[in-house]
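What follows is the residue order along each chain.
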Amino acid sequence: MEHYFENIIGKSKALRDLLEMVKKVAPTQSTVLITGESGSGKELIAHAIHSHSDRRDKFFLPVNCGALPETLLESLLFGHMKGSFTGAFANQEGLFERARGGTIFLDEIGEIPQHLQVKLLRVLEAREILSIGSTTPRKVDVRVLAATNRDLGRDVEQGRFRDDLYFRLNVMEIHIPALRERPEDIPLLVEYLIQKHNPELKRNFKGAEPAVIHTLMSLPWKGNVRELDNVLEHTMILAEGDWIRLDDLPPSLFGGKESLPVYTPNLKEALKRFEKQHLIRVLEQVGQDRKEAARLLDISLSSLYRKIEEFGIA
Ligand SMILES: Nc1ncnc2c1ncn2[C@@H]1O[C@H](COP(=O)(O)OP(=O)(O)OP(=O)(O)O)[C@@H](O)[C@H]1O
Ligand SMILES: [Mg+2]
């Protein structure tokens, strides 16, 4: 496995299981729905699926479905006929056709408007498209991969996303866990990212000191690997010496209550941190009303005061 996906770094059980799935699904023609938070590696995985399929020598076409107005997106994907709308000066082939045996990657699929959801379902079910302004369906040879950082299941419940399309896309779901759920991948990622940035930045860092790694493993990384990547690049631009030291990390990393440390291997310490975070949340929820907070927490008011004191919650 190590050499199989050489640009996908990590050794956590979660990531290894995921790559095992990728390896199995890649050579098939199946549609895959890749889910995970922003920056967690959805496009990276989509690309890996394509490059381990027999379509690897054909196009891999990523499309951000959230970035374009409806008509443009429809025309981009399905193409249009000359004169079908103002500005349609010539027939234009859509990406589904242009893929020609390749793979299309529909990013932010949750943003696709309702009437395109119907057209997309037709692609998945019949491998057929209808360009704007045309009445003759045409066959396409394309594999569809899709990604979202939304809870599509909930969008379906709330009527924002068609259930028939959801079931079609969801035949195979690959979920990428957030980086904070697999901190054991951080040491390898840090090493990899430092080596990646060294030549670009004309630096020659040997690595990061253990205290740095430990600290990075304890942060919540809302922006996942992309955020880690950016933080390291920023740090490497400013740092001096051969090794990245704790002082080199940007202070903004530690600001704000959003960046409460979430990872430590010590169970007692981990429970304490969770308790503190939980108390802060509940207090916020009730507008700092301590009586109400104690009631919700189902503890006595005096023990709430004791904890507030102990954890230094203002
Ligand atoms: N396991 C990993 N090993 C190496 N690099 C990774 C890994 N996961 C993510 N990356 C890198 O992190 C960056 C973000 O990944 P990617 O663009 O695939 O995320 P995404 O889930 O598509 O994000 P978004 O939801 O914002 O579109 C990329 O530079 C990617 O190469
Ligand atoms: Mg992406």
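Residues numbered from 1 in each chain as written. Chains lettered and ligands numbered in written order. Predicted model: local features only at pLDDT ≥ 70, side-chain atom pairs only at ≥ 80, totals over all residues. Heavy atoms only, no water.

Q: Go over the layout of surface pockets with me, naming the residues and quoting the values.
A: If you add up the space inside the largest pocket, you get close to 550 Å³. Together, 25 residues line the largest pocket, and Gly39, Ser40, Gly41, Lys42 and Leu44 are the ones closest to its centre. Contributing elements (two or more residues each) for the lining of the largest pocket: α2 (42-51), α8 (186-201) and α10 (224-238). Residue composition of the lining of the largest pocket, grouped by class: 10 nonpolar, seven polar and eight charged. Per-domain counts for the lining of the largest pocket show at least three residues from each of domain 1 (13-177) and domain 2 (180-259). (1 Å grid on protein atoms, 1.4 Å probe; cavity = no way out; pocket = protein on both sides within 12 Å on 5 of 7 lines; lining within 4 Å. Points joined across faces, edges and corners; volume = space filled by probe spheres on them. Helix = DSSP H or I, 4+ residues; strand = E, 2+ residues; numbered from the N terminus. Nonpolar A, V, L, I, M, F, W, Y, C, P; charged D, E, K, R; others polar. Domains from an automatic or database assignment.)

Q: Can you lay out the sheet that holds strand β5 (residues 103-107) for me, pointing to particular residues and giving the numbers?
A: Spatially, β2-β5-β8-β1-β9 is the arrangement adopted by the five strands of the open sheet, whose pairing is parallel. Since the sheet does not close on itself, it has two edges, and those belong to β2 (60-64) and β9 (173-175), each with one partner. Averaged over all pairs of adjacent strands, the angle between their axes in this sheet comes to 20 degrees, without regard to strand direction. With four bridges connecting them, β5 and strand β8 (residues 143-148) associate as parallel partners. The partner of phenylalanine 105 across the bridge, within β8, is leucine 145. Against the sheet, helix α1 (residues 13-25) touches β1 (32-35), β8 and β9, its axis set at about 150 degrees to β9. (Pairing = 2+ DSSP bridges. Axes fitted to C-alpha atoms, helices over the stretch in contact; angles between N-to-C directions. Contact = heavy atoms within 4.5 Å.)

Q: Account for the packing of α8 against α10, naming residues and giving values.
A: Relative to each other, α8 and α10 sit at 50 degrees, their axes nearing to 10 Å. With respect to α10, the axis of α8 lies oblique. Relative to α10, the crossing made by α8 is right-handed. For the pair formed by α8 and α10, the contact residues are Leu189, Val190, Leu193, Ile194, Lys196, His197, Asn198 and Leu201 on the first element and Val225, Leu228, Asp229, Leu232, Glu233, Met236 and Ile237 on the second. When the residues that make up the contact of α8 with α10 are grouped by side-chain class, the tally is 10 nonpolar, two polar and three charged. (Parallel < 35°, antiparallel > 145°, perpendicular 65-115°, else oblique. Left-handed = near helix turned anticlockwise from the far one by under 90°.)

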